[in-house]
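Observations on the three-dimensional arrangement
In case you want the letters, here they are:
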Amino acid sequence: MKVQLATFQLAGRTYGIEVGVVQEVLRQQSRTRIPLAPPAVAGLVNLRGQVLTAIDLRSRLGLTQRPAGVEPMVVVVQIGGEPVSLLVDSIGDVVDVDSDTFEPPPDTLSDAGRELITGAYKMADHLLLALDTDRAVAV
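The rules behind these values
Residues numbered from 1 in each chain as written. Predicted model: local features only at pLDDT ≥ 70, side-chain atom pairs only at ≥ 80, totals over all residues. Heavy atoms only, no water. Helix = DSSP H or I, 4+ residues; strand = E, 2+ residues; numbered from the N terminus. Buried < 20%, exposed > 50% of the residue type's maximum accessible area, 1.4 Å probe, protein only. Polar contact = N/O pair within 3.5 Å; in protein donor to acceptor, adjacent residues only side chain to side chain. Contact = heavy atoms within 4.5 Å. Phe/Tyr/Trp six-rings, centres within 6.5 Å; stacked < 30°, edge-to-face > 60°. Core = buried A, V, L, I, M, F, W, Y, C linked by side-chain atoms within 4.5 Å. Pairing = 2+ DSSP bridges.

1. Overview of the side chain of T7
- Within the secondary structure layout, T7 lies in strand β1 (residues 2-10).
- Judged by relative accessible area, T7 falls into the buried class, the value being 8%.
- At 2.7 Å, the side chain of T7 forms a polar contact with the backbone oxygen of D93.
- The residues touching T7, leaving out its near neighbours within four places in the chain, are T14, Y15, G16, I91, G92, D93, V95 and L128.

Structure, rendered in structure tokens:
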């Protein structure tokens, strides 16, 4: 069975989310910081009058912080009928993956990131880590 995933990169790794939850992809968006918010909440984004929570996936996955001066890309996803923006390093392609190549998360993933990954697809030259978007936005 084939699955379509929208891909993006974080700290040199490739991640994928079901293409059906993706609303749109945007270049950098200005954010308003939220005092006392958890570190993974990067602020609020005004998307054409609609205010969205911005989740920094690097923080959520326990990865190193994005280098200073490098602005993230924004993937807007629909979770429970509500849009949420995910901050990523760069956007990849939409790929078709075969469920036969799906495996449990690799042992090399840290504990923080491991619980947000449902598994990995073997690609020709890398692993594609499947992100559990529901868990990723639950901060």
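Here the narrative resumes, following the displayed structure.
2. Notes on the side chain of D56
- Within the secondary structure layout, D56 lies in strand β6 (residues 50-56).
- Residue classification places D56 among the buried positions, given a relative accessible area of 16%.
- If we ignore the near neighbours within four places in the chain, the residues touching D56 are A40, A42, R66 and L87.

3. Focus on the packing of aromatic side chains
- In total, this model carries two aromatic pairs according to the counting rule given.
- The interplanar angle of 15° and the centroid separation of 5.9 Å between the aromatic rings of F8 and Y15 together place this pair among those described as stacked.
- Here Y15 falls in the buried class, since its relative accessible area comes to 1%.
- Centroid distance F102 to Y121: 4.9 Å. Interplanar angle 55°. Geometry classified as tilted. Linking F102 in strand β10 (residues 102-103) with Y121 in strand β11 (residues 117-122), this pair joins segments that are 19 residues apart in sequence.
- Overall, the relative accessible area of 33% leaves F102 in the partly exposed class.

4. Quick word on the nonpolar core
- Grouped together as the largest cluster of nonpolar side chains are 26 residues, with contacts concentrated most on L57, L61 and L131.
- Elements with a minimum of two residues in this core: β1, β2 (13-18), β7 (73-79), β8 (82-88), β11 and β12 (127-131).
- If one sorts the elements of this core by residue count, β7 sits on top with four residues.
- Ignoring sequence-local partners within four residues, the contact set of L131 consists of F8, G16, I17, L57, L61, L116, I117 and A136.
- If you look at the next biggest cluster of nonpolar residues, it comprises nine residues, including V45, L47, A54 and V74.

5. Comments concerning the pairing of strand β5 (residues 41-47)
- The buried fraction of β5 is high, at five of seven residues.
- Across two bridges, strand β4 (residues 31-32) lies against β5 in antiparallel orientation. Residue R31 lies in a different strand from β5, and its bridge partner there is V45.
- Relative to β6, β5 runs antiparallel, the two sharing six bridges. Opposite L47, over in β6, you have Q50 as the bridge partner.
- Between β5 and β6, which pair antiparallel one after the other, the connecting turn spans two residues, and R48 there sits at a positive phi close to 50°.

Take it as geometry only, folks, not as evidence of what the structure does.
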